Amino acid sequence: MSFEITIPRLGWSMEEGTFAGWMKKDGDAVRRGDALFELEGEKALQEIEALDDGVLRILADAPQPGAVLKVGAVIGYLVADGESLPQVQSGSEVVSHAPATAKTPLTEEAKGVATGASPSVRRLARELSVDLSHIEGTGHRARISEDDVRAASSRRGDHHAHTHTSPLTTDIIATPRARRAAKRAEINLNTLQGTGRNGRIRERDVVHAAKTHAIGSTSSSGHRVVLSGRRKVIAERLAESHRLVVPVTLTSKVDATNLVSLRAQFKTTGESLIPAIHDIIAKLVAGCLKQERRLAGRWDGDAIVLPADDEIHIGLAVDTPEGLIVPVLRNVLNESLLSLAAESSRIIRKARDGRLSGADMQDAVFTITNLGSFGIEAFTPVINLPETAILGLGAIRKQAVVTSDDRIEVRSLMTLSLTFDHRAIDGAPAAKFLQSVVAATENPAARLLMAE
Amino acid sequence: MTNDQILSLYRTMLIIRHTEEELARCHQRGLIHGACHTYVGQEAIAAGVCSHLTKADTVFSTHRGHGHALAKGMPPRELMAELFGRATGCSRGRGGSMHLFSPEIGMMGTSGIVGPCMLQACGGGYSAKLMKSGNVAVAFFGDGAVNNGAFHEALNMASIWKLPTLFICENNQYATEVPFSYSSGSPTVAGRAAGYGLPGFEVDGNDAVEVARIAGEAVARARSGQGATLLECKTYRTRAHAEGMGDFTYRTREEVDAWKKRCPIVRLKAITPAELSGRMEAIEAEVMEMVREAREFAEKSPYPEATSATAHVYSEARAASTPESNAIRPAAPSPPREISFTQATVEALAGEMARNPTIFVMGEGIGIRGGNFRTTPGLYDLHGAERLCDTPICERGFVGLAGGAAMTGTRPVIDFMFADFILDSIGEVINQIAKMQYMSSGRLKMPVLLRGCVGIGHSAATHHSGSYHALYGQVPGLRVVMPSNAYDAKGLMLRALRCNDPVMFLEHREILTAKCHVPEHDYEIEFGKASIVREGTDVTVVALAKMVLVTQGLCDMLQRENISVELIDPRTISPLDTETILRSVAKTGRLLIVEETPAAFGLGAEIAAQIADTGFNDLDAPIKRVNGVFAPTPYAPSLEAAVVPTDLDVAQAIRELARE
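The written sequence of each chain sets the order in which its residues are numbered from 1. Lettering of chains starts at A and numbering of ligands starts at 1, both following the order in which they are written. Per-residue local features of the predicted model are confined to residues with pLDDT of at least 70, and side-chain atom pairs are confined, for both listing and counting, to 80 or more; whole-chain, interface and lining totals are unaffected and use all residues. Think of the side-chain values as coming from all heavy atoms in the structure, minus any hydrogens and water.

**Q** Describe in detail the overall build of chain A, supporting the description with residues and values.
**A** Helix and strand assignments follow DSSP, with helices taken as H or I runs no shorter than four residues and strands as E runs no shorter than two, numbered in order from the N terminus. The helix and strand tally for chain A stands at eleven helices and 20 strands. When accessible area is computed with a 1.4 Å probe and restricted to protein chains, residues below 20% of their type maximum are described as buried, those above 50% as exposed, and intermediate ones as partly exposed. The proportion of buried residues among the 452 residues of chain A is 42%. Contacts are assigned to residue pairs that have any heavy atoms within 4.5 Å of one another. The contacts in chain A between residues at least 6 apart in sequence include a share of 62% that link residues at least 24 apart.

This is how it looks when you write it as structure tokens:
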């Protein structure tokens, strides 16, 4: 019995991933749960675990590190000890290879010959973005029928139908005139979305793109940076947020003197693990969210889903060399501050190493972002959809403060910036929430002890 | 008969006999590339008839025509070179045994099709009558031809119009291998003449003197205006139908041997006075040398250059005397001079008939009645019955006649009324008229104008609605014209009346009364120059005839939908102006072809193929067509409407193409 090793889908919109390398060698015995290879999806580099036991067989023409592969591509097999490699065509759907091992991708025609599908079936496969090389034909002499393609498409799940209809990289459909125009304008057809029938790229699409390029690149001497997969995802998500959300940002100054003092007290314990400001605030915010769950709501179509107590997971916006990323602290309400501190330290390190798993970034109901370390006092954080609110932490600065009894004291002040989605929440409850966060932050010890 | 006349007959027969026997030898040795039908045994007929003809008299012949060509004066070397496929052959290597042309000596051609020569000889006779030249036209044909409709139509036309034409039937008793006794209900050919009101005579075709005597009387009758004569010359070919074919599956060796004993040359010798024997021997020696030299000449002659294979499909292009070179019609003056499509063609025809006395019109009801569609009103009064000739309902007959007339120097205009009727004459059009210039290596001109109504509408049903322009467009040698408006109709009609090629002039019946500005002055529109009816930027539409008007009516509406249509009317299907279409597609990237007729193998298919080939990179969408459905044209209005494209169909197709 042999098992295919395929490129998994990491996140719902992932179409392809960058193969980062094997973590086992050809011939190694692999146990279920062992890390087999590393794959970079939209968000992070991820270790892919074996789902079965067996001996790893890596195909001779398997992808090299750096190759971009389609989801579902077969890159190797797990076989029983002594069993030989199955007699199959390499199906690895290499979209683009690492430069060192660049190969010409199979043309659609070449694949079509191998798989035996008529032009109409191949067209249908293009339209449904189904890869023919992964379908076993049920027709005469294993020819692939339209039914086979439709079945494969529905097996893959309905959500796929909602993805845009732009053709896959290897299956660009463009008119001859559009191709000529693209060549002249030095525009890569891969980057275009066709507006013609079934997404066919027409001349006007190229002309439009050429104009956009011309506007964007006013300086010909500049260096053109092609967006990374991560950057594209960030761009898409932020644009989506900008398009949908009705954001309102409230700011409030908070006296963080007690907070700073609390951290100093932790330091006196001599423990190596000292909760960071964001850890303490996350724990405090979780308490506030329990009181005002609307700020922890998540959009789900026409509904807002409010979390249960053990579902108050809080995202921490982390700056990494590859861009912004948001790992998630889970069950903040119930976990102790120290275990939260340990977890946040672990996931932030993982994030900076680009090793977050998909699960590390899922299910947050609220996000905390901290630009205080850059000296920023107040800002307007952007909501991380489908969440409905985000809290920005400003810099902590010592300032002279007039106390209630008219004395002047030196206090540590910080500005909190709360952005909420006005579609989901009105101003008053949001303001009340911020007020409760301010109150908690100004007297953290009592709240933390009460939460224990 | 004088001694000189006898010797002349003898010499002609001997030339035929020796040349044929030499050709038979050459065929055996593989020097002849195609078929070779010899005339051995029948020499007395060609020699006897042609002894009365001048170079200006014309001969139209059949596949067994070597003897007629030689008797009419073709040197054996030209005949042999032709069968050898050489550039020096009488047809410059284009014809071989069955297509012998030497119009310079009145040898107007032989044909591989049985029957047309009789109709063409009527045309030769018609030209002679119209031009009052006193010439006669002779058709030679076999007994196989007399059961063909052409025989009937030819004899009837020759009778009613008293044509100076001789019909010489060489009854050698076998149509290829089918006996006359089997295939004819009547044992006599000559006797059939009475049925047409013509004199008919049966002659011993192996008796040269007798053939010459009777033919002489017939020629005299023809020259004196008393009309045509049918001769049935009983004879026998003593060689196989064609060289290399078996001969005794359908006739016996004994029968052949018996006829060999009745050899016409031997019989002439037998009655020749003894004192001529010395001169006869000298003639034989001269002929033997002539034939030997002919073969040597043929063998040494070069083959025609392969590059000349497309020469003479059409006559030399002549620049229009008053060309209308703009693709866009000039602006009409104010007030415009508006006349209908048909009036515009009448204006062209009337003007040109006044200028050119060789033009005559033939058709059913185009004489004193002025034409069913008013295509010739008033012209009968001006030019009389010979130039506005009402015809019996015999399309094949008068189209075949038109071919012969054009070959002999006049310019027939055939008015079909409904172009559906052309199909009854299609063999004459495709096999004869269209090919004649080419096969004669450009020495014959074929100025035949064939006009008629096409198009669907008014419940005309399937025999009065056909348009077969795509079929005609496939025929090398034809010009096919299909105007969409009165202005173009006049200019194209004038061009057609001055051009030396056969022109199929197709007039859409549903637009005949449509008026537009037509200048009074004379102007020609060149063939192969499309008209850009409307300029646009988004979609190129190519439409023909009525579909031009249909599409034109949609352009403003589509413009309001932000679809800018460029409408092109090719005006002529052959030649087709793909250049203009290509230039337009280079601009728009989109092409739709609109035709009323079914799509299969049609003009749309042709244009699409050419543009996909040469304009591939200009295309921003697939090439689309709008066509009528693939069905005959039905009668009931509901059915009729269902087979033609409507303006809604065209508009929708344009919208969809813009979205592609």
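**Q** Any chance you could break down the overall build of chain B for me, citing the residues and the numbers?
**A** Per the secondary structure count, chain B includes 24 helices and 21 strands. Taken along its principal axes, the extent of the C-alpha atoms in chain B is 100 × 55 × 45 Å. Out of the 660 residues belonging to chain B, those deemed buried represent 59%. Once local pairs closer than 6 in sequence are excluded, the contacts in chain B between residues at least 24 apart make up 81%. Carbon and sulfur atoms make up 54% of the accessible area of chain B, which totals about 24400 Å². Charge convention: Lys and Arg are scored as positive, Asp and Glu as negative, and His as well as the terminal groups of each chain are ignored. Charge positions are represented by NZ for Lys, CZ for Arg, CG for Asp and CD for Glu. Both charge centroids of chain B, one from 63 positive and one from 74 negative side chains, sit 3 Å from each other. What sets the accessible areas is the Shrake-Rupley method with a 1.4 Å probe; for residues, cover comes only from the shown protein chains.

**Q** Give a description of the interface of chain A and chain B that names residues and reports values.
**A** Counting residues at the interface gives eleven residues for chain A and 16 residues for chain B. The term buried area refers to how much accessible surface (probe radius 1.4 Å) is lost by two components on association, counted for both of them together. Counting each side, the surface lost to burial between chain A and chain B is near 1000 Å², with a carbon and sulfur contribution of 34%. Just to be clear on terms, a salt bridge is a Lys or Arg side-chain nitrogen sitting within 4 Å of an Asp or Glu carboxyl oxygen. In this structure, the connection of chain A to chain B is made through three salt bridges. A salt bridge links A:Arg180 to B:Asp618, with the nearest nitrogen and oxygen atoms 2.7 Å apart. Between N or O atoms, a polar contact is any pair within 3.5 Å; within protein, one atom must be a potential hydrogen donor and the other a potential acceptor, and residues adjacent in sequence are included only when both atoms are from side chains. On the surface where chain A and chain B come into contact, there are 15 residue pairs in polar contact (both at pLDDT 80 or more). When residues of the side of chain A that touches chain B are traced back to their parent elements, those giving at least two are helix 4 (176–185) and helix 5 (203–216) of chain A. Among the elements that make up the side of chain A that touches chain B, the one with the highest residue count is helix 4 of chain A (four residues). Throughout, the ten residues Ala, Val, Leu, Ile, Met, Phe, Trp, Tyr, Cys and Pro are labelled nonpolar, Asp, Glu, Lys and Arg are labelled charged, and all others, Gly among them, are labelled polar. Grouping the constituent residues of the side of chain A that touches chain B by class yields two nonpolar, two polar and seven charged.

**Q** Provide a residue-level description of the sheet that holds strand 9 (residues 359–363) of chain B, including the pertinent values.
**A** Residue and element names in this part refer to chain B. Strands were regarded as paired on the criterion that DSSP finds at least two bridges between them. Pairing in this open sheet of seven strands is mixed, and the strands run 10-9-11-12-14-13-19 from one edge to the other. Since the sheet does not close on itself, it has two edges, and those belong to strand 10 (388–390) and strand 19 (572–574), each with one partner. Each adjacent strand pair in this sheet contributes to an overall mean axis angle of 20°, direction not counted. Where strand 9 meets strand 10, three bridges bridge the pair, whose relative direction is parallel. As a rule, the C-alpha atoms of each element are fitted with a line to give its axis, helices using only the stretch in contact, and angles between N-to-C directions run from 0 to 180 degrees.

**Q** Break down the sheet that holds strand 16 (residues 531–534) of chain B for me, with residues and values.
**A** All names here are of chain B. The strand order 16-18-17-20-21 describes an open sheet built from five strands, whose pairing is mixed. Either end of the sheet is taken by a strand with one partner, and the two such strands are strand 16 and strand 21 (624–628). Ignoring strand direction, the axes of neighbouring strands in this sheet form an average angle of 25°. Alignment of strand 20 (residues 591–598) against strand 21, held across four bridges, turns out to be parallel. Residue pairing across strands places Pro598 opposite Gly628, the latter belonging to strand 21.

**Q** Please give an account of the environment of B:Arg64 that cites residues and values.
**A** All names here are of chain B. Relative to the elements of secondary structure, Arg64 occurs in the loop between strand 1 (58–60) and helix 3 (66–71). A relative accessible area of 5% means that Arg64 is categorised as buried. The spacing of Arg64 and Phe141 is 77 residues in sequence and 8.4 Å in space, taken between C-alpha atoms. Apart from residues no more than four positions distant in its own chain, Arg64 is found in contact with His37, Thr38, Tyr39, Gln42, Asn172, Arg237, Ala240 and His241. Within the local environment of Arg64, its side chain forms a polar contact with the backbone oxygen of Thr38, the two atoms lying 2.9 Å apart. Within polar-contact distance, the side chain of Arg64 engages the side chain of His241 at 3.0 Å.

**Q** Explain the pattern of salt bridges to me, using residue names and the numbers behind them.
**A** Applying the stated criterion across every chain yields a total of 60 salt bridges over all chains. Between B:Glu660 and A:Arg200 there is a salt bridge, with its nearest N and O atoms 2.7 Å apart. Linking B:Glu660 in the segment after helix 24 (647–659) with A:Arg200 in the loop between helix 4 and helix 5, this pair reaches from one chain into another. By relative accessible area, B:Glu660 is classed as buried at 2%.

**Q** Talk me through the nonpolar core; I want residue IDs and the actual numbers.
**A** Residues and elements named next belong to chain B. By nonpolar core we mean a set of buried residues, namely Ala, Val, Leu, Ile, Met, Phe, Trp, Tyr and Cys, connected to one another through side-chain atoms within 4.5 Å. Core analysis: the biggest nonpolar cluster contains 91 residues, and Met118, Phe141 and Phe167 have the highest contact counts within it. Those residues in contact with Phe141, other than ones at most four positions away along the chain, are Thr62, Cys117, Met118, Val146, Phe151, Phe167, Ile168, Cys169, Glu170 and Leu230. Counting 61 residues, the second-largest nonpolar core is a separate cluster that includes Ile32, Ile45, Ala46 and Ile283.

**Q** Which residues make up the packing of helix 12 (residues 341–355) of chain B against helix 18 (residues 486–498) of chain B, and what values go with them?
**A** All names here are of chain B. Two numbers describe how helix 12 lies on helix 18: the axes approach to 8 Å, and their chain directions differ by 25°. The orientation of helix 12 with respect to helix 18, classified from their angle, is roughly parallel. Crossing handedness for the pair helix 12 and helix 18: right-handed. Residues Phe341, Ala344, Thr345, Glu347, Ala348, Leu349, Glu352 and Arg355 of helix 12 form the contact with helix 18, whose own contacting residues are Ala486, Ala489, Lys490, Met493, Leu494, Leu497 and Arg498. In what follows, roughly perpendicular refers to angles from 65 to 115 degrees, roughly parallel to angles under 35, roughly antiparallel to angles over 145, and oblique to any angle outside these ranges. By the definition used in this description, the sense in which the near helix is turned from the far one sets the handedness, with an anticlockwise turn below a right angle giving left-handed and a clockwise turn giving right-handed.

**Q** Can you explain unusual backbone geometry? Please cite residues and give values.
**A** Residue A:Leu385 is joined to A:Pro386 through a cis peptide bond whose omega torsion reads 5°. In this structure, A:Pro386 sits in the loop between strand 17 (366–370) and strand 18 (389–393). Here the amide bond leading from B:Ser334 into B:Pro335 is cis, since omega sits at 0°, within 30 degrees of zero. With respect to the helices and strands, the residue B:Pro335 is situated in the loop between helix 11 (277–300) and strand 8 (338–340). For A:Asp406, which is not glycine, the phi dihedral falls at a positive 65°. On the secondary structure map, A:Asp406 appears in the loop between strand 19 (397–402) and strand 20 (408–421). With a relative accessible area of 64%, A:Asp406 lands in the exposed category. A positive phi angle, near 65°, is found at B:Met417, a position not held by glycine. Structurally, B:Met417 is set in strand 11 (residues 411–418). Judged by relative accessible area, which is 15%, B:Met417 ranks as buried.

**Q** Which residues make up the packing of aromatic side chains, and what values go with them?
**A** Residues and elements named next belong to chain B. The pairing test for Phe, Tyr and Trp rings, Trp by its six-membered ring, is centres within 6.5 Å, and the orientation test on the planes gives stacked under 30 degrees, edge-to-face over 60, and tilted for anything in between. Within the structure shown, the criterion is met by 15 aromatic pairs over all chains. Plain terms: the ring middles of Phe151 and Tyr196 are 6.4 Å apart, the flat faces sit at 80° to each other, and that makes the pair edge-to-face. One end of the pair, Phe151, is in helix 6 (residues 149–160); the other, Tyr196, is in the loop between helix 7 (180–183) and strand 6 (200–204), with 45 residues separating them in the sequence. In textbook terms, an aromatic cluster arises when at least three aromatic residues are bridged by ring pairs, as seen for Tyr174, Tyr236, Tyr250 and Trp259.

**Q** How would you sum up helix 24 of chain B? Please name residues and give values.
**A** Spacing of three or four residues puts side chains on the same side of an α-helix, whose turn is 3.6 residues. Take the number of residues in a helix, subtract one, and multiply by 1.5 Å to get its expected span. Given a rise of 1.5 Å per residue, 13 residues ought to cover 18 Å, and the 19 Å separating the end C-alpha atoms of helix 24 of chain B matches this to within 8%. Buried within helix 24 of chain B we find B:Val650, B:Ala651, B:Ala653, B:Ile654, B:Arg655, B:Leu657 and B:Ala658.

In short, the description is geometric, and any link to function would need to be established separately.
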